[in-house]
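A structural walkthrough
Chain by chain, the residues run as shown.
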Amino acid sequence: MQTPASAARSLHSPGPSGEASRAGFYDVSSDWRQAIGWVIGALLLRTLLSVLVPLLPDETYYWEWSRRLAAGYFDHPPGIAGLIAIGTALAGPTVAGVRAGPALAALLTHLAAVACAWHLAGRGLAGARAARRAAQLVALLPIATLGLVLATPDALLFAAAMIALLAVERALAAPLRSRASLAWWTAAGIGLGLAFVAKYTAVLLPMGLVIACVVHPVLRRRFAEPGPWVASAVALLLFAPVVFWNAANDWVSFRFQLGHGFTPSARGNPLSRELEMIGGQAGLASPILFVLMAMVVWLALRDGWRARNAAAATDALTDPVIRRFALAVIALAPLVFFAISAWRRSVEANWPAMIYPGAMMLLATSDRPWALGAWWRRGLWFAAVLLAVVTLQAWRPVLPLVPRKDPIARAHGWTTLARAVDSVRAAAFPDTGVRTWVAADRYQDASELAFHLVGQPVAFALNLGGRTNQYDVWPNAWQRIRPDDGLVAVFDADAKGDSLATLVGGWFDHRQQGPTVSLQRNGGEITTRRIWVYRTARVVPREHPAPLAP
């Protein structure tokens, strides 16, 4: 007589495709060749995109972090700074260097996903097919391919989360209190710790796992072994320096992220924000694949819950149906969390990214006909078309977007601005005896200037017209500019920018309006900036002036 768990397993354990069964054989080597091909193809596509798209302002901002390594930063934990530091150590302070570390993290994400799907599907014939499908998902899912091109915290977050998910799946597949279980739980702790160091939202991963273990009687037995507690200790140990940094800096990063995520938003209403969040996820995953992932998550929850009272408790403990239930809860927890958050404020599309590691694994290993047949192929083709359009847009504008509204355009025009600033500095301060500084009001402008100016000098972000950021944590203009110093600063070329420039002019004996620079992409204007020259510092304030109202 079958137990509910074994019956569910026999129904949903992946096996050879219908075509393979009818033919009487299944070419495992073909699946593995395809999996390797997808991994290599995705690596080449990410490399191409990284060449086509200059560094975005957030990337140069994180590059600035890597020049001043610390255990924490205003916006995020230090993971991305360390990753960029590794890349620039290998390839220098160049575009390739900044993105080299995230490229390695993306490759690790892909390999860990393939390994996790192979194990979850039971290896063998089904495992080879699942490995190939996982490789396809990571290669074509927009959030995986496009999100892993850029030097942002998501690159390390995805890699660490996928490694942690692989280790958790293996730990749950190992016998209770076994050496293998303890080893895999320890590996999961390392993965979770690295995810915590990448981005604070990584806390949603263990939260989902804890919920799964609390509500499911079979998984609850895992609390009786040392593995989960060892994993928690390892993860917290890796995260401890971030906590100490925050404690030494008035908890600035924790306070910012809590306020950023939960401060009520005036934009839209709760229903429109919820729909916007779901629409953003459908865009990041492509609509068809998003629906397929939602369906397999639901089925994994249902089947796992039905198997909760399995009679053969020892057999059920490592049952794949139970493991799939755990992955489904891990995938669902971030969605529920940000659905609650969206009731109060708008949720940026990439915030619930922790949905996807578990959801991708469930879809890759599903044997449901609709997850293997026409809808799967349509989902892959639709995602491939989206990638092709984005790749073309990165190379040449093909979509009818105004440059100011084109997200890719934000990476363009900075070399033009940097050349103009270099030229103004050389003309205004030919006397090398005068110490001159460079500043901009926005942190985006300051970091792009620091990266593109000759010699990559220190650049200040004055933050007179915008939000507080990491530049306010570092020694800024108020601490560094001394009497008789000079300054070249960049502001928006509008009335507000001119008023900020006039405010700064009060700190110097002389101010002079310089050229206005148009930042363009392929002849289309993105925005404009105005350069100002200040000579002979006199009354620079020794603390940050209050930001002007927008």
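A short tour of the structure in this document, coming up. (Residues numbered from 1 in each chain as written. Predicted model: local features only at pLDDT ≥ 70, side-chain atom pairs only at ≥ 80, totals over all residues. Heavy atoms only, no water.)

Moving on: the overall build of the protein chain. The secondary structure content of the protein chain amounts to 25 helices and five strands. The C-alpha radius of gyration of the protein chain comes to 26 Å, within 12% of the 24 Å expected for a compact globule of 550 residues. Taken along its principal axes, the extent of the C-alpha atoms in the protein chain is 90 × 50 × 45 Å. Taken over 550 residues, the protein chain has a buried fraction of 55%. Taking the intrachain contacts of the protein chain between residues at least 6 apart in sequence as the baseline, contacts between residues at least 24 apart amount to 76%. (Helix = DSSP H or I, 4+ residues; strand = E, 2+ residues; numbered from the N terminus. Rg over C-alpha atoms; globule rule 2.2 N^0.38 Å. Buried < 20%, exposed > 50% of the residue type's maximum accessible area, 1.4 Å probe, protein only. Contact = heavy atoms within 4.5 Å.)

Let us look at the environment of Pro 545. If you trace the backbone, Pro 545 turns up in the segment after strand E5 (524-537). In this structure the C-alpha to C-alpha distance between Pro 545 and Val 473, which are 72 residues apart in sequence, comes to 14 Å. Contacts of Pro 545, omitting those with residues within four sequence positions, involve Leu 464, Trp 478 and Trp 507.

Quick look at the pattern of salt bridges now. The tally for this structure, following the rule as stated, stands at 22 salt bridges. When the shortest N-O distance is used, the salt bridge between Arg 467 and Asp 75 registers 2.8 Å. Pair noted here: Arg 467 is in the loop between strand E2 (459-461) and helix H24 (477-480) and Asp 75 is in the loop between helix H4 (57-67) and helix H5 (79-91), with a separation of 392 residues, a long-range link. Assessed through its relative accessible area of 35%, Arg 467 is described here as partly exposed. The closest approach of N and O atoms between Asp 303 and Arg 368, which form a salt bridge, is 3.3 Å. Taken together, the residues Asp 303 in helix H16 (residues 287-306) and Arg 368 in the loop between helix H19 (356-364) and helix H20 (369-372) connect sequence positions 65 residues apart. Accessibility classification places Asp 303 together with Arg 368 in one group, the buried group. (Salt bridge = Lys/Arg side-chain N within 4 Å of Asp/Glu carboxyl O.)

Moving on: helix H11 (residues 204-215). An α-helical segment advances 3.6 residues per turn. Residues three or four places apart therefore align on the same side. Look at H11: 16 Å from first C-alpha to last across twelve residues, which is about the 16 Å you get at 1.5 Å a residue. Considered for burial, the residues of H11 that qualify are Leu 204, Leu 205, Pro 206, Gly 208, Leu 209, Ala 212 and Cys 213. (Expected span 1.5 Å × (residues − 1).)

Another point: the packing of aromatic side chains. Within the structure shown, the criterion is met by 22 aromatic pairs. Both rings, one in Tyr 61 and one in Tyr 443, keep their centres 4.4 Å apart while their planes meet at 45°; by these two values the pair is tilted. On the criterion of sequence distance, the pair formed by Tyr 61 in helix H4 and Tyr 443 in helix H23 (residues 443-452) is long-range, its members being 382 residues apart. Both residues of the pair, Tyr 61 and Tyr 443, count as buried. What links up through ring pairs into an aromatic cluster is the set Tyr 61, Tyr 62, Trp 65, Tyr 73, Tyr 443, Tyr 471 and Trp 474. Geometry around Trp 474 places Arg 68 over its ring, the cationic atom sitting 3.7 Å from the centre. Taking the ring centre of Trp 375 as reference, the NZ or CZ of Arg 378 above it sits at 4.6 Å. (Phe/Tyr/Trp six-rings, centres within 6.5 Å; stacked < 30°, edge-to-face > 60°. Lys NZ or Arg CZ within 6 Å of the ring centre and 35° of its normal.)

Before going further, it helps to examine the side chain of Thr 527. Relative to the helices and strands, Thr 527 is located in strand E5. Judged by its relative accessible area of 19%, Thr 527 is buried. Among the polar contacts listed, one links the side chain of Thr 527 to the side chain of Arg 529, at a separation of 3.0 Å. Setting aside its immediate chain neighbours within four residues, Thr 527 contacts Arg 404, Val 517, Ser 518 and Leu 519. (Polar contact = N/O pair within 3.5 Å; in protein donor to acceptor, adjacent residues only side chain to side chain.)

Under the defined criterion, the tally for this structure stands at three cavities of 30 Å³ or more. Together, Ala 164, Leu 165, Val 168, Leu 192, Leu 205, Pro 206, Leu 209 and Ile 330 line the second largest cavity. Where the lining of the second largest cavity is concerned, the elements lending two or more residues are helix H9 (153-173) and H11. Grouping the amino acids of the lining of the second largest cavity by side-chain chemistry returns eight nonpolar, no polar and no charged. (1 Å grid on protein atoms, 1.4 Å probe; cavity = no way out; pocket = protein on both sides within 12 Å on 5 of 7 lines; lining within 4 Å. Points joined across faces, edges and corners; volume = space filled by probe spheres on them. Nonpolar A, V, L, I, M, F, W, Y, C, P; charged D, E, K, R; others polar.)

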